[in-house]
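Each chain, written out:
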Amino acid sequence: MDGSAAEASILEQPSFRENPQNSKPDDDASAPTAAPAPAPLTPEELVAKARAPVKKEFLRPPPIRTSNSTTSQPHDAATEPNSTPLIKEKKSKRQLKRERRQELKSALHLCPEVAKSGDVGSCCYGEKCRFSHDVEAFNAQKPADLKGSCPFLKIDQGLCHYGLACRFSGTHRANGVVAAGTLRNEVNSLNKDVQKLLWKNKMRFPKADATLKLLGLSGKIKKLVDTEDNQVATNGSAEENAKKDSAEIGSVSDVNCCSELLEEDKPEDADATEDIRPVKKAKSSCDESYGSTEVNAGYGVHGKEDISSKPNGSKSVDIADTVTVESDKILKLHPREKKLIDFREKLYLAPLTTVGNLPFRRVCKLLGADVTCGEMAMCTNLLQGQASEWALLRRHSSEDLFGVQICGAYPDTVSRTVELIEQECSVDFIDLNMGCPIDIVVNKGAGSALLTKPMRMKSVIQAASGTVDTPITIKVRTGYFEGRNRIDSVIEDIGNWGASAVTIHGRSRQQRYSKLADWEYIYQCAQKAPDSLQVLGNGDVFSYLDWNKHKFDCPQLSACMVARGALIKPWIFTEIKEQRHWDISSAERLDIFKDYVHFGLQHWGSDSKGVETTRHFLLEWLSYSCRYIPVGLLDVIPQKINWRPPSYYGRDDLETLMASDSAADWIRISEMLLGKVPAGFTFSPKHKSNAYDSAENG
């Protein structure tokens, strides 16, 4: 995509023509004598205060802003300072639904089938179609085409899926392209028939149900939750419960995951449960050599198959099935050996909410990432068949080692979700999020909340690993409260529960992203972990020196996961592989953004909606990338992730623009690549991380 003309026009603005080396402020002899300025801090003193030591010749006074620098205002909303904002009337759901339908009928929303073929009669719904069929009115209101060529010309055999609606439709006619085709190179889309079954709650999960029954969790999940909630209400505050859990967590491997259930909590089909238990005892001789009895029961290598093949309501297990289990047990692999995934020495791009989308992962793959993982998806939303949640599981063909991350609070929802993912998707591993610090997730008992409930954490891992053959990995934090680390107490048991790998983020839930990650504690956990469990570290990896230090200090670490470091500078993977500090130029950075835009248009579409979706996620990424400070501007290298950058000039106008923390400047960059924003466009970044806290030292 060619944005050179737009780039030149934007950079001609006065605010970006200044240069610290050839544009000096004029001396004003009439100005009053100012007080002597304090002595500037040395680079070492700046680093000690977590402030970036930028060279003096590039420093500039901070710009004066009239509004929040991270929020852009609509272009047509200029009002007087003393004017009161208008209060919008709250509309009912029915009214909003009616307005959405009317909007779809407007000329701007052309029917996709008509757009593909250009023929009004191609739509099978005819007059009942909810979209417009007026091609002339659509062409009259359609925004001008963007510069460049259609992103689908080199794929789909030169066929564009969006036809007349494409913002590059002029290149279709120039190349004689027929407006038809389908998106390619992406997998893991949800089947419509499966989605309807999920909508109607008629989807069956035989493997998950069998595993839950073998674990003794079938029919008891709700009562287990009620028991835990009553304990929380009786025992007092969350801090007191965390202390009690920490005292009990040391003996977690010797306690059955159903020990928290009361005797009167037995389900009505307790007789069926009693009939299944002798099968578990019959396998005890094999379990002694393999490990925990519960782990093998959780996987249900044989029992699960027998139960799932029986019709519903079966309350007995055939003796022949037990004989088959005993005769074939030698041929069966240990659960941890069914499928293995090797993370050792691989560059792992962390699952990143909002910004870690498929186009961004493609960019990181080009820059050297080995392992990629989709954004966190909620189990309940996946089981409800929400298309927006299933879109988070999409995989591009370039992602050769790919996993998905899910988040759930209870064994039944997690086990059914992993069974559905293994059935419908192509993934190399499934990651369970047990470290998300977001309140809306924690309040539902998921994410970091599981760190305070080790028994439920155990049952979730066992249920997931026992349901599928796909490797199960988990991602955790050091603990829930700062100063009360607890993962080291269960690190030896996590492998026995069925996890293939564990990633430890060196911060507690209470810390969020403040202060630096505690890598010494990560080393301690990695040294205590069994050889069968791969341990990965996560937190503040921002240069190849950080990677080398962690690998050298703790050889037991399989790899390091790169998260925010990749958002700020995705070429960190190239730096690690080539073992160098890349002093990347502004033109090279712009080329990376161009690749992202190209991949985004292929993923979200080249019509107006796809262009604006691509712009939105590009702006989200720019809210992180502006924190990067070029290597050539620093007195001390490499940059640390907790350094607060001052206002500075770049070595050229484009570099100065990329260093701005103003959303208005981010929009200018997007206009270089995607054309002018629509009237009334506003943007506010979704994530406002406190990585650059106002307190000293991060």
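Given the structure is predicted, the values throughout are model-derived calculations rather than measurements.

Below, the discussion takes up the UniProt feature "domain: C3H1-type" (unreviewed entry) in the protein chain. Mapped onto this numbering, the UniProt entry gives "domain: C3H1-type" (unreviewed entry) at residues 110-136. The annotated region residues 110-136 carries 30% helix and 0% strand content, and the separation between its end C-alpha atoms amounts to 10 Å.

Right, let's talk about the pairing of strand 3 (residues 372-378) for a bit. Across the seven residues of strand 3, seven count as buried, placing the element largely inside the fold. In terms of strand pairing, strand 3 meets strand 5 (residues 402-407) through five bridges, oriented parallel. Each bridged residue has a counterpart across the sheet, and for Cys373 the counterpart in strand 5 is Gly403.

Helix 16 (residues 358-366) sits mainly inside the fold: eight of its nine residues count as buried. Among all positions in helix 16, only Leu358, Pro359, Phe360, Arg361, Arg362, Val363, Cys364 and Lys365 are buried. Directly after helix 16, the chain includes Gly368, whose backbone phi takes a positive value near 120 degrees.

Structurally, the position occupied by Pro351 is in the loop between strand 2 (348-349) and helix 16. For Pro351, a relative accessible area of 13% puts it in the buried group. Residues Pro351 and Arg361, spaced 10 residues apart in sequence, show a C-alpha to C-alpha distance of 9.6 Å.

If you look at the biggest cluster of nonpolar residues, it comprises 130 residues, and the most contacted ones within it are Leu432 and Ile494. When residues no more than four places from it in sequence are discounted, the contact partners of Ile494 are Met457, Ile474, Ala499, Val502 and Leu533. Grouped together as the second largest cluster of nonpolar side chains are 10 residues, Leu110, Cys129, Val135 and Ala165 included.

This paragraph deals with the packing of aromatic side chains. Taken as a whole and judged by the stated rule, the model has 13 aromatic pairs. For the ring pair Tyr480 and Phe481, a centre distance of 4.7 Å and an interplane angle of 70 degrees mean the geometry is edge-to-face. Residue class for Tyr480 comes out buried when judged on its relative accessible area of 16%. Given a relative accessible area of 10%, Phe481 falls into the buried group. Aromatic pair Trp571 and Trp582: ring centres 6.5 Å apart, planes at 75 degrees, arrangement edge-to-face.

By the definition in use, this model includes 24 salt bridges. Across the pair Lys142 and Asp145 runs a salt bridge, and its minimum N-O distance is 3.6 Å. Measuring nitrogen to oxygen at the nearest pair gives 3.3 Å for the salt bridge that ties Asp546 to Lys640. Here Lys640 lies in the loop between helix 28 (608-625) and helix 29 (653-658) and Asp546 lies in helix 24 (residues 544-553), a separation of 94 residues in the sequence. A relative accessible area of 33% means that Lys640 is categorised as partly exposed. The network of salt bridges with shared partners includes Asp439, Arg509 and Arg512.

Attention now goes to the sheet that holds strand 7 (residues 472-477). The sheet built from eight strands is open, its strands ordered 2-10-9-8-7-6-5-3 with parallel pairing. Looking along the sheet, the strands with just one partner apiece sit at the ends: strand 2 and strand 3. Relative to strand 10 (residues 559-562), strand 9 (residues 534-538) runs parallel, the two being bridged by three bridges. Counted as the bridge partner of Gly537 is Cys560 from strand 10.

Two numbers describe how helix 8 (residues 206-214) lies on helix 21 (residues 454-467): the axes approach to 9 Å, and their chain directions differ by 135 degrees. As judged from the angle between their axes, helix 8 and helix 21 are oblique. Crossing handedness for the pair helix 8 and helix 21: right-handed. Residue-level inspection shows Lys207, Ala208, Thr211 and Leu212 of helix 8 in contact with helix 21, the latter providing Gln462, Ala463, Gly466 and Thr467. Its residues assigned to classes, the contact of helix 8 with helix 21 comprises three nonpolar, four polar and one charged.

So, how was this worked out
Residues numbered from 1 in each chain as written. Predicted model: local features only at pLDDT ≥ 70, side-chain atom pairs only at ≥ 80, totals over all residues. Heavy atoms only, no water. UniProt positions renumbered as here; feature names shortened; annotations may be inferred. Helix = DSSP H or I, 4+ residues; strand = E, 2+ residues; numbered from the N terminus. Buried < 20%, exposed > 50% of the residue type's maximum accessible area, 1.4 Å probe, protein only. Pairing = 2+ DSSP bridges. Core = buried A, V, L, I, M, F, W, Y, C linked by side-chain atoms within 4.5 Å. Contact = heavy atoms within 4.5 Å. Phe/Tyr/Trp six-rings, centres within 6.5 Å; stacked < 30°, edge-to-face > 60°. Salt bridge = Lys/Arg side-chain N within 4 Å of Asp/Glu carboxyl O. Axes fitted to C-alpha atoms, helices over the stretch in contact; angles between N-to-C directions. Parallel < 35°, antiparallel > 145°, perpendicular 65-115°, else oblique. Left-handed = near helix turned anticlockwise from the far one by under 90°. Nonpolar A, V, L, I, M, F, W, Y, C, P; charged D, E, K, R; others polar.

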